[in-house]
Amino acid sequence: MSVDTTATAVNPRVVMTASGEPETCIVTGQESRPTARPGKVVVRVEAAGVSYAEVQMLQHLHPFPPRFPFVPGYDLVGRIVETGPGVTGWSVGDRVAAMPRQGAWQEYVEVPAKILAPVPAHLDAAVAVSLITNGVTAYQMLHRLARLAPGDTVLVHGASGGVGTLLTQLAVHHGLRVLGTASPAKHDAVRELGAEPLDYRDPDLAGTVRGPAPDGVRAVFDHIGGRGLDAGWAMLADGGVLVSFDSSVAGYRPGQWFRPHVPALRRTVVRWAARLLGLTRGRRQTMYYVKPGEHFNADLAELYRLVDEGVLRPEIAGRHALHEAPAAVRALLDGTTVGKHVLIP
Ligand SMILES: NC(=O)c1ccc[n+]([C@@H]2O[C@H](COP(=O)([O-])OP(=O)(O)OC[C@H]3O[C@@H](n4cnc5c(N)ncnc54)[C@H](OP(=O)(O)O)[C@@H]3O)[C@@H](O)[C@H]2O)c1
């Protein structure tokens, strides 16, 4: 157990108070700095990610809805200022990444030591945090779930987003041809990532995809869900995979947090059974949810290596002070920017 004596006693933080508009339901305040309980550390945050999860929490549509009021913040990069009893392998001063799913939007966060991963000292904090949830999600969907070969063609939905920009860069680096959907205003940005842009509002997207990929694509990465999963399934080549990694389809009311996911769950189960019966021409549908653990740390380390090599260039859409959190969430809600928003306490 040890403490950094330069850590301040107060802890500025952001609180989400209720479901509603970011400008009224996200407020800043301060508390006392937490102390580290057994098995935990306190981290002084250098950068915390703003993610679509907070948009869903604000709309009370997140699959694991927290109780209001709470401190949001899915992931963070910072330095340990206190280690609790029983913590081994980590010391005060170590630079770490963590994905606590909540609580990162404050200057000091208590985090279980078992979910920490090391962060290279030279890496920009915003870049490092952009790779935690979004980067590991992109990496694992591509390399652990889809298992594609160079030369394959894939479709990435939301190629202009936090996950999509990284997934596109990783896929291009792997030698894949990437068709990336985005709103037309962001097609130049998608092109710069090495993908061929398509408009997700195209009413015959499956037909359009048959132009560049007459036999279908080897993988579709979909975070919208709903009926779009049928279009994605129709785009697949024989043996292809549809990866469903969220259901952010519009049209649900606050509190209906589970209902958007029902169509994806149902289709996954039905297509799994159909595949077992040999009825899908080898096509499969699978769901993905990022989790801490052994692979998480190894994959994050690989992502940091790819940044060092210049392969990955994470897009940072904005760096904001804690009191600017409502504006950062508003930017995600309105879809006005490309890449990742980050809070710098
Ligand atoms: N399963 C997991 O473990 C996991 C992990 C991380 C994130 N996620 C989920 O992944 C999704 C993306 O997160 P993010 O941080 O990348 O969000 P983001 O930065 O807000 O990006 C969202 C992207 O979706 C695009 N989009 C909007 N409407 C669309 C539609 N109807 N069809 C296809 N694309 C559409 C946007 O394009 P325009 O801006 O051009 O409109 C944008 O590129 C979220 O739903 C998030 O919850 C899941």
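Residues numbered from 1 in each chain as written. Predicted model: local features only at pLDDT ≥ 70, side-chain atom pairs only at ≥ 80, totals over all residues. Heavy atoms only, no water.

**Student:** I would appreciate a short explanation of the site of the ligand in the present structure.
**Tutor:** The environment of the ligand is made up of 26 residues, and the closest members are Ser160, Ser183, Lys186, Tyr200 and Asp246. At a separation of 2.7 Å, an oxygen atom of the ligand approaches a polar side-chain atom of Ser160. At 2.8 Å, a backbone N or O of Val163 approaches an oxygen atom of the ligand. For the ligand, the protein covers 84% of the area, taking 930 Å² as the surface of the free molecule. (Near = heavy atom within 4 Å. Polar contact = N/O pair within 3.5 Å; in protein donor to acceptor, adjacent residues only side chain to side chain. Areas by Shrake-Rupley, 256 points an atom, 1.4 Å probe, with all protein chains shown as cover.)

**Student:** Is there a simple way to explain the side chain of Gln106 in this structure?
**Tutor:** Among the structural elements, Gln106 can be located in the loop between strand S6 (95-98) and strand S7 (108-112). Here Asn11 takes part through its side chain, which lies 3.1 Å from a polar atom of the side chain of Gln106. A distance of 2.8 Å separates a polar atom in the side chain of Gln106 from the backbone oxygen of Gly103. Setting aside anything within four residues of it in sequence, one finds Gln106 in contact with Asn11, Pro12, Arg13, Val45, Val71, Leu322 and Pro345. (Helix = DSSP H or I, 4+ residues; strand = E, 2+ residues; numbered from the N terminus. Contact = heavy atoms within 4.5 Å.)

**Student:** Honestly, the pairing of strand S11 (residues 196-199) in this entry has me stumped. Any pointers?
**Tutor:** Every other side chain in a regular strand lies on the same face of the sheet, so the side chains alternate between the two faces. Pairing between strand S10 (residues 177-182) and S11: 4 bridges, direction parallel. Counterpart to Ala182 in the pairing with S11 is Asp199. Taken together, S10, helix H5 (residues 187-192) and S11 form a β-α-β motif whose crossover is right-handed. (Pairing = 2+ DSSP bridges. Right-handed = clockwise from strand over helix to strand, strands pointing away.)

**Student:** Could you clarify how one ought to interpret the nonpolar core in this entry?
**Tutor:** Most often, soluble globular proteins have nonpolar side chains that are buried together. Core analysis: the biggest nonpolar cluster contains 86 residues, and Trp105, Phe221, Leu300 and Tyr304 have the highest contact counts within it. For this core, the element with the most residues is helix H3 (residues 125-146), which contributes 14 residues. Viewed by domain, this core spans two of them, domain 1 (2-119 + 315-343) and domain 2 (134-287), each represented by three or more residues. Every residue in contact with Leu300, bar those within four places of it in the chain, is listed here: Ala97, Ala117, Leu131, Ile132 and Val136. (Core = buried A, V, L, I, M, F, W, Y, C linked by side-chain atoms within 4.5 Å. Buried < 20%, exposed > 50% of the residue type's maximum accessible area, 1.4 Å probe, protein only. Domains from an automatic or database assignment.)

**Student:** Explain helix H8 (residues 262-276) to me, please; I cannot follow it from the model alone.
**Tutor:** Since the α-helix advances by 3.6 residues per turn, residues separated by three or four positions end up pointing in the same direction. Here H8 contains 15 residues, and its C-alpha end-to-end distance of 21 Å stays within 8% of the 21 Å for a straight helix at 1.5 Å per residue. Summarising the contacts, the buried residues of H8 are in contact with helix H7 (228-235), strand S13 (236-244) and strand S14 (284-287). Following H8 by one or two positions, Gly278 has its phi on the positive side, about 75°. (Expected span 1.5 Å × (residues − 1).)

**Student:** Whenever I open this one, the sheet that holds S10 confuses me. Can you help?
**Tutor:** Remark on secondary structure: sheet strands pair via backbone hydrogen bonds, oriented parallel or antiparallel. Spatially, the 6 strands line up as an open sheet ordered S11-S10-S9-S12-S13-S14, and their pairing is parallel. Each of the sheet's edge strands pairs with one partner strand only, and the pair in question is S11 and S14. On average, each strand axis in the sheet is inclined to that of its neighbour by 20°, with strand direction left out of account. Here strand S12 (residues 217-222) pairs with S13 via 5 bridges, running parallel. The residue of S13 that forms the bridge with Val220 is Leu242. Taken strand by strand, H3 contacts S12, S13 and S14, and its axis lies near 135° from that of S14. (Axes fitted to C-alpha atoms, helices over the stretch in contact; angles between N-to-C directions.)

**Student:** Looking at this structure, I do not really get the pattern of salt bridges. What am I missing?
**Tutor:** Pairing between side chains of opposite charge can happen when their charged atoms approach one another. What the rule picks out here adds up to 16 salt bridges. In this structure, Arg330 engages Glu21 in a salt bridge whose closest nitrogen and oxygen atoms are separated by 2.7 Å. One end of the pair, Arg330, is in helix H10 (residues 325-334); the other, Glu21, is in the loop between strand S2 (10-16) and helix H1 (22-25), and 309 residues separate them in sequence. For Arg330, a relative accessible area of 23% translates into the label partly exposed. The salt bridge partner of Arg305 is Glu302, with a shortest N-O separation of 2.8 Å. Of the two residues, Arg305 and Glu302 are both situated in helix H9 (residues 294-308); the distance of 3 residues between them amounts to about one turn of the helix. A relative accessible area of 37% means that Arg305 is categorised as partly exposed. Among the charged side chains, a network of salt bridges with common partners joins Glu21, Glu23, Arg330 and Asp334. (Salt bridge = Lys/Arg side-chain N within 4 Å of Asp/Glu carboxyl O.)

**Student:** Sorry, what's going on with the packing of H7 against H8 here?
**Tutor:** Any two packed helices are characterised by the angle at which their axes cross and by the distance between the axes. Where H7 meets H8, the closest approach of the two axes is 10 Å, and the angle between their N-to-C directions is 35°. Of the residues in H8, those touching H7 at Leu229, Asp230 and Trp233 are Ala264, Arg267 and Arg271. Taken together, the residues of the contact of H7 with H8 sort by class into 3 nonpolar, no polar and 3 charged. (Nonpolar A, V, L, I, M, F, W, Y, C, P; charged D, E, K, R; others polar.)

**Student:** Is there a simple way to explain the domain arrangement of the chain in this structure?
**Tutor:** Along its sequence, the chain is organised into domain 1 (2-119 + 315-343) and domain 2 (134-287). Just the C-alpha atoms count here: the centres of domain 1 and domain 2 sit 29 Å apart. The interface is formed by 16 residues belonging to domain 1 together with 17 residues belonging to domain 2. Joining domain 1 to domain 2, the criterion identifies 0 salt bridges. Scanning the region where domain 1 abuts domain 2 turns up 5 residue pairs in polar contact (both at pLDDT 80 or more).

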